[in-house]
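# Overview (structure and organization)
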Amino acid sequence: QLLLRSLVEEPGCQLQDQDFQDFEVGYSIASVGDTVKLKVVYPFLAEALKNGSQELLERVWDRLPVSLSVEPGELHVSIKTSAVAEDIETGKKCAELLATTRTWLLIGPLMSCLHWLRSATAKATSAAATAVAGNAASASASAIGAPPPAMVLQLRQLETCWIVPKPDRVLVILSVHLDDEVDVALGRAFCQEFAETKRQGKEFSLPCSFHETKDAPAEVRGLGVTPTPNVGFLTLTLTDQHVRDASEERLVVLARPVMTFRNFFLFHLKHTKSYLHSRLRKRLDQWQKQLVRARRKRGQEKRRLASGKEFVPPSRVEK
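Quick caveat: nothing in here was measured; it's all calculated off a predicted structure.

Following the criterion strictly, the structure yields nine aromatic pairs and no others. Between Phe 194 and Phe 264, the aromatic rings sit 5.8 Å apart at their centres with planes inclined by 55°, giving tilted as the arrangement. Here Phe 194, found in helix H7 (residues 181–197), pairs with Phe 264, found in helix H11 (residues 261–294); they are 70 residues apart in sequence, far enough to count as distant. Taken together, the aromatic side chains of Phe 190, Phe 194, Phe 261, Phe 264 and Phe 265 make up a single cluster linked through ring pairs.

In C-alpha cells:
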C-alpha cells in the first residue's frame, strides 16, 4: 500500500521511515525528495543471489526505473517517482514486483534449475523426433547431457534446502526443524500425512515423500546434513512434464509454493494447535459440568442407621 501510494496515487509524497517483517525477510521503506528507498534485510542474501536470485531479479526488474546496490545481508532499491508518475501501469507493476522481493529471492535458485530442465526437455524431444527408429532413448540422453551440480542452500535459520537436478526431473529436499517438542510431534505427523496424500501426484500437485531424521534421502547423504533436523526431510519432485513448453509465468507458479512451503507448513501447524486447544477447552468445560452435577444436593431426605436412629447426611457442597 505504501509503494502504491508513493508511486501511483500520490507520486512524490513523503513517507516516514517504516519497518516491516515478512517471515525471514525484513523491509524498511522511506522517501528522500522524489526518491523512494526500499531496504531488504535478509541474513542469507549472499547465498541466494549467487545461486540464481540475482539473475532472476535482473530479469524481473528489467526496464523498470530502479537502481540496486548490495551490502552484506542488505539489498537497497531506489525508485525515482518522476519516472513512473506519468505511466500508472508501470507504477503498479513496479510496486507489485518490489513488494514480492522476498519471493524472488527464495525462488531464484529453483528457477535456474527449472530453466535448465525446460531446455533439456525441449532438446530431448527434438532429438527423439529426428532419431533413427529404436534409437530415440539414447538420442534423448545424449542431447540432454550432464545435469548441473546439486545445490546446497541455507535460506532459513536451522534449515537446509537441497536442489538436485536430474535428466528428467528436479528434486527439492527441505529439512524441517522446529524448536518446541509438541510442535515437533505435530509437524512430523503433518509431514507424514501430507506426503501420503501427495505421494503419486495429481494434475495440480507435485509428487512428494517424507523421510525421518534417521533415514535421510539418498540424494543428500553425500552432500552433508548440517544441522540435523528434528522433524525430517520433505522431498518435492518437479518432472519434465511440469515444465514442457512452460512459459515464464508457469515456472514462477511452480517454484513459488515449493520454496515458500515453510509458510504453508507453519500456517497449518498453528491452526492444528488452535483446533486441539479448542477441543481441550470444550472437553474441560464438559468435565466441569459433570462434576457440578455429581455433587450431592442439599435438603435430602433423612436416612436411618442400622440401630434405627435417623440422621440427615451433611451436604458436600461448600457453603
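Take empty space enclosed by the protein next. Inspection of every chain in the model, using the stated rule, returns one cavity of 30 Å³ or more. For the largest cavity, the calculated volume is near 150 Å³. Residue assignment for the lining of the largest cavity shows that the elements contributing at least two residues are strand E6 (151–156), strand E7 (159–166), strand E8 (169–176), helix H10 (248–259) and H11.

With that settled, consider the sheet that holds strand E9 (residues 208–211). Picture the strands of a sheet paired through backbone hydrogen bonds; they go either parallel or antiparallel. Read from one edge to the other, the open sheet built from five strands follows the order E6-E7-E8-E10-E9, with strand pairing classed as antiparallel. The strands lining the two open edges of the sheet, one partner per strand, are E6 and E9. Each adjacent strand pair in this sheet contributes to an overall mean axis angle of 20°, direction not counted. Of the strand pairs in this sheet, E6 and E7 are connected by four bridges, and their pairing is antiparallel. Bridge pairing links Val 152 to Trp 162 in E7.

Scoring rules and cut-offs
In this numbering scheme, every chain counts its residues from 1 along its sequence in written order. Totals for whole chains, interfaces and linings use all residues, but because this is a predicted model, local features are given only for residues with pLDDT of at least 70 and pairs of side-chain atoms are given and counted only at 80 or more. As a convention, hydrogens and water are excluded, and side-chain values are obtained from all of the structure's heavy atoms. Only rings of Phe, Tyr and Trp enter the pairing, Trp through its six-membered ring, and a pair is recorded when the two centres are within 6.5 Å. The plane angle decides the type: under 30 degrees is stacked, over 60 is edge-to-face, the rest tilted. Note on conventions: DSSP H or I runs of at least 4 residues are helices, E runs of at least 2 residues are strands, and numbering of each starts at the N terminus. Grid points spaced at 1 Å over the protein atoms alone were grouped into cavities, where a 1.4 Å probe fits but cannot get out, and pockets, open sets with protein on both sides within 12 Å along at least five of seven lines, with lining residues defined by an atom within 4 Å of a point. Grid points are joined across faces, edges and corners, and a volume is the space filled by probe spheres set on the points. By the convention used here, strands pair only if DSSP detects at least 2 bridges between them. Between the N-to-C directions of two axes lies an angle of 0 to 180 degrees, each axis being a line fitted to C-alpha atoms and, for a helix, fitted only over the stretch in contact.

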